[in-house]
Amino acid sequence: MNLNNVIAERAEKKIYRDGDKVIKLFNEGYSKSDILNEALNQARVEETGINMPKVIEVTMIEEKWAIVSDYIDGTPLSELIEMHPDKLDEYLDMFVDLQMSVHEKKAPLLNKLKDKMNRKITETDLDATTRYELHTRLESMPKHNKVCHGDFNPSNVIIAKDGTPYIIDWAHATQGNASADVARTYLLFSLAGKKELADKYLDLFCKKSDTAKQYIQKWLPIVAASQSVKGKPEERDLLLKWVDVVEYE
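Everything numeric here is computed off the predicted structure, so don't read it as measured data.

Some words on the packing of aromatic side chains
Then, number 1: By the definition in use, this model includes seven aromatic pairs.
Then, number 2: Relative to Tyr201, the ring of Phe95 lies with its centre 5.9 Å away and its plane at 65°, an arrangement referred to as edge-to-face. You can see Phe95 sitting in helix α3 (residues 88-103) and its partner Tyr201 sitting in helix α7 (residues 195-209), a full 106 residues away along the chain. Tyr201 carries the same exposure label as Phe95, and that label is buried.
Then, number 3: Between Tyr201 and Phe205, the ring centres sit 6.4 Å apart and the planes meet at 50°, which makes this aromatic pair tilted. Taken together, the residues Tyr201 and Phe205, both in helix α7 and four residues apart, mark about one turn of the helix.
Then, number 4: A relative accessible area of 0% places Tyr201 in the buried class.
Then, number 5: Joined through ring pairs, the aromatic side chains of Phe95, Phe152, Phe189, Tyr201 and Phe205 make up one cluster.

Remarks on the sheet that holds strand β3 (residues 21-26)
Then, number 1: What the five strands build is an open sheet, ordered β1-β2-β3-β5-β4; its pairing is antiparallel. The open sheet terminates on both sides in strands that have one partner only, identified here as β1 (6-10) and β4 (55-61). Across the sheet, the mean angle separating the axes of adjacent strands is 20° when strand polarity is ignored.
Then, number 2: When β3 meets strand β5 (residues 64-70), the two strands line up antiparallel, connected through five bridges. Bridging from a neighbouring strand, Lys24 pairs with Ile67 of β5.

Some points on the state of the cysteines
Each disulfide consists of one covalent bond between the sulfur atoms belonging to two cysteines.
Then, number 1: Evaluated as defined, the whole model comprises zero disulfides.
Then, number 2: In this structure Cys148 is not part of a disulfide, and its nearest cysteine sulfur, from Cys206, lies 15 Å away.
Then, number 3: Of the residues examined, Cys148 reaches a relative accessible area of 0% and is grouped as buried.
Then, number 4: Classification of Cys206 as buried rests on a relative accessible area of 10%.

A closer look at helix α8 (residues 213-228)
Then, number 1: With 16 residues, α8 should cover 22 Å at 1.5 Å per step; its first-to-last C-alpha distance of 23 Å lies within 8% of that length.
Then, number 2: At Leu220, α8 shows its maximal kink, close to 30°; a proline, Pro221, follows between one and four residues later.
Then, number 3: What α8 keeps buried is the set Ile216, Trp219, Leu220, Pro221, Ile222, Val223, Ala224, Ala225, Ser226 and Ser228.

Here we look at the packing of helix α6 (residues 178-191) against α7
Any two packed helices are characterised by the angle at which their axes cross and by the distance between the axes.
Then, number 1: Two elements in contact, α6 and α7, have axes whose closest approach is 7 Å; the angle formed by their N-to-C orientations is 160°. Taken together, α6 and α7 sit at an angle that is classed as roughly antiparallel. In terms of crossing hand, the pair formed by α6 and α7 is right-handed. Within the contact between the two elements, α6 uses Val182, Thr185, Tyr186, Phe189 and Ser190 and α7 uses Lys195, Leu197, Ala198, Asp199, Tyr201, Leu202 and Phe205.

With respect to the sheet that holds strand β8 (residues 157-160)
Then, number 1: Sheet architecture is open: three strands sit in the order β6-β8-β9, paired in antiparallel fashion. In this open sheet, the two edge strands, each paired with only one partner strand, are β6 (74-76) and β9 (165-167). Each strand of the sheet is rotated relative to its neighbour by a mean of 30°, with strand direction disregarded.
Then, number 2: Taken together, the three bridges between β6 and β8 define a ladder with antiparallel strand orientation.

Overview of helix α4 (residues 113-123)
Then, number 1: Here α4 has its buried residues at Leu113, Lys114, Met117, Lys120 and Ile121. All buried residues of α4 project into a common sector of 125° when viewed along the axis, lining one side.
Then, number 2: If you follow the buried residues of α4, they end up packed against α5 (128-140), β7 (146-148), β10 (174-176), α6 and α8.

Analysis parameters
Residues numbered from 1 in each chain as written. Predicted model: local features only at pLDDT ≥ 70, side-chain atom pairs only at ≥ 80, totals over all residues. Heavy atoms only, no water. Phe/Tyr/Trp six-rings, centres within 6.5 Å; stacked < 30°, edge-to-face > 60°. Helix = DSSP H or I, 4+ residues; strand = E, 2+ residues; numbered from the N terminus. Buried < 20%, exposed > 50% of the residue type's maximum accessible area, 1.4 Å probe, protein only. Pairing = 2+ DSSP bridges. Axes fitted to C-alpha atoms, helices over the stretch in contact; angles between N-to-C directions. Disulfide = S-S within 2.5 Å. Expected span 1.5 Å × (residues − 1). Bend = angle between axes of the 7 residues up to and from the residue. Parallel < 35°, antiparallel > 145°, perpendicular 65-115°, else oblique. Left-handed = near helix turned anticlockwise from the far one by under 90°. Contact = heavy atoms within 4.5 Å. Arc of directions from axis to C-beta.

So this is what it looks like as structure tokens:
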């Protein structure tokens, strides 16, 4: 495989393009079970018919694990928004429609979002009272089984040259309550310093899906706490503020 063309770098992995393939090469020591689970998530979501890169193989290259998938030739929606700010409303409309189309799908073999969040809350170093309140709130939320992307942001939407949108990076996919997925996207915009865009996104999603904004806001402390476990250190303080500002019932 050709590892000359690096198209992205992350903390624990590098992503290469090799012709019509993408090679996601993980650092040595990266959890084998997490890599296999990511490939399995991607394969399970593929079966729903969502436009996305298909897994070709999971392999080892130079004693490092790699996931090989289709390369989608196009432009990330995040770049299009930067290049054409006058089209923000149009792009945001497409973005919300795409997310809602994901939530319409079912993938019964995906891990459950509630189980993942309960585990993450337990792993935080929040005090016992706060953890108890978060677990209690999570348990009280309605149980759904919708496909949730878990990291739905404009950089994970690729617009192909013919205008077809594709959704990439399904490492965090689960099945559960769609409003948790929306809360996660809202936090991603906020963490990127785009609070105005975060609010605009949330208003649009609530309008299009006929969802009460207060309902999604109830998810914010839960999602923020679970994200703080593996979040970037510089984001952790901001995430923990989302946990603190909400009055628990």
